[in-house]
Amino acid sequence: DELRWLGALLGEVRDRDVLIEYLVHELATVEEAAAFGAVLELLEAERQEARKRLVKALDSPRYATLLAELERIPSLSEGADLQYVAAGDYRRLRKAARALDVDAADEELHRLRIRAKRARYAAEAAGARKRFVNRAKDLQDVLGEHQDAVVAEEQIRDLVSRVRGTGRTAIAAGRLIERQRRRRSEARRAWPKTWNRLERAGDAEWR
């Protein structure tokens with residue numbers, strides 16, 4: 001629960017950092033970019049507020065308590081070792097991936113990315129071969145691109161609805177949203193093949 005609390009605070013800052021960097025890069029190729037200034041100003045203000053909340057949390061007794069908890073070595077269940085844990089994380093990832101098809105919901109792909117990340121970190125801790133770790137990272141990257149596009153579209157729509165924009169602002173937003181949908185489509189086409197490579201590596205690693 002405490003890690004989720006900290007992760008949410010970090011995520012608020014991270015999401016805005018990523019979106020600002022992405023928008024600045026993309027707007028360099030959009031003719032109506034100047035009309036998007038108010039949107040970027042609003043986004044920057046939100047980032048500063050999110051950063052203030054994060055800094056306050058990092059100075060709090062709650063965070064200090066969390067650090068103390070993390071210094072304690074966690075125990076494994078009886079008879080388990082890191083190999084057992086890593087194999088279990090991979091099998092849960094495989095079961096989740098096999099349950100999805102080309103029409104998987106955005107949230108399902110987001111959850112799959114989280115499972116891939118867990119499996120990768122567990123494999124690294126267990127000393128798994130680089131082949132599995134690298135292919136898990138590839139799947140993370142593809143699904144991360146998909147999730148970033150989903151979040152970016154939602155954020156762009158929300159931000160534009162809260163500023164006094166012009167017709168040019170709406171045109172710029174439309175172009176950016178179109179690019180997010182293209183990113184999503186490309187990631188959706190790529191992830192099954194990326195998963196197949198990871199599955200082969202995982203089955204070889206944890207059989």
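These figures come from a predicted structure and were not determined experimentally.

1. Here we look at the pattern of salt bridges
Next up, step 1: For the coordinates displayed, the defined rule picks out 28 salt bridges.
Next up, step 2: A salt bridge links aspartate 106 to arginine 184; the nearest nitrogen and oxygen atoms lie 2.8 Å apart. Separated by 78 residues along the polypeptide, aspartate 106 in helix 5 (residues 106-126) and arginine 184 in helix 7 (residues 167-206) bring together distant segments of the chain.
Next up, step 3: For arginine 184, a relative accessible area of 22% corresponds to the partly exposed category.
Next up, step 4: If you follow the salt bridges from partner to partner, you end up with Asp106, Glu153, Arg157, Arg181, Arg184 and Arg188 in one network.

2. Some thoughts on the confidence of the model for the chain
Next up, step 1: Confidence along the chain averages 92 in pLDDT terms, with 100% of residues attaining 70 or more.
Next up, step 2: By mean pLDDT, the top-scoring element of the chain is helix 5 (96), and the lowest-scoring one is helix 1 (residues 2-27) (93).

3. Notes on the environment of leucine 40
Next up, step 1: Considering the arrangement of structural elements, one finds leucine 40 in helix 2 (residues 37-58).
Next up, step 2: Separated by 21 residues in the primary sequence, leucine 40 and leucine 19 place their C-alpha atoms 9.7 Å from one another.
Next up, step 3: In contact with leucine 40, other than residues within four places in its own chain, are Leu23 and Leu27.

4. Considering the nonpolar core
Next up, step 1: If you look at the biggest cluster of nonpolar residues, it comprises 27 residues, and the most contacted ones within it are Leu93, Phe132, Trp191, Trp195 and Trp206.
Next up, step 2: Taken together, the elements giving at least two residues each to this core come down to helix 4 (82-98), helix 5, helix 6 (130-161) and helix 7.
Next up, step 3: When residues in this core are grouped by element, the largest group, seven residues, is from helix 5.
Next up, step 4: Those residues in contact with tryptophan 206 that sit more than four places away from it in its chain are Gln83, Ala86, Ala87, Tyr90, Arg91, Ala123, Ala126, Ala128 and Phe132.
Next up, step 5: Residues Phe36, Leu43, Val163 and Ala172 belong to the second largest nonpolar core, which totals 17 residues.

5. Details of a positive patch on the surface
Next up, step 1: Together, Arg131, Lys193, Arg197 and Arg200 give the surface a local cluster of positive charge.
Next up, step 2: For the positive patch, the element with the most residues is helix 7, which contributes three residues.
Next up, step 3: Following the sequence through the fold, arginine 131 ends up in helix 6.
Next up, step 4: Judged by its relative accessible area of 41%, arginine 131 is partly exposed.

Conventions used here
Each chain carries its own residue numbering, running from 1 in the written order of its sequence. Only residues with pLDDT of at least 70 are given local features in this predicted model, and only at 80 or more are side-chain atom pairs given and counted; all residues enter the totals for whole chains, interfaces and linings. In computing side-chain values, all of the structure's heavy atoms are included and hydrogens and water are not. By definition, a salt bridge exists where a carboxyl oxygen of Asp or Glu is found within 4 Å of a side-chain nitrogen of Lys or Arg. A run of H or I in DSSP counts as a helix once it spans at least four residues, and a run of E counts as a strand once it spans at least two, with each numbered from the N terminus. For each residue, the accessible area found with a 1.4 Å probe, counting protein chains only, is set against the maximum for its type, and the residue is called buried under 20%, exposed over 50%, and partly exposed in between. pLDDT is a per-residue confidence score from the predictor, ranging from 0 to 100. Throughout, a contact is declared for two residues whenever any of their heavy atoms are within 4.5 Å. For the purposes of this section, nonpolar cores are sets of buried Ala, Val, Leu, Ile, Met, Phe, Trp, Tyr and Cys residues that join through side-chain atoms within 4.5 Å. Patch membership needs two things, relative accessible area over 30% and no salt bridge, and members are linked within 9 Å if like-charged or within 5 Å if nonpolar (Val, Leu, Ile, Met, Phe, Trp, Tyr). In short, Shrake-Rupley with a 1.4 Å probe defines the accessible areas, and a residue's cover is counted only from the protein chains shown. Only four residue types enter the tally: Lys and Arg on the positive side, Asp and Glu on the negative side; His and the chain ends are excluded. Lysine's charge is taken at NZ, arginine's at CZ, aspartate's at CG and glutamate's at CD.

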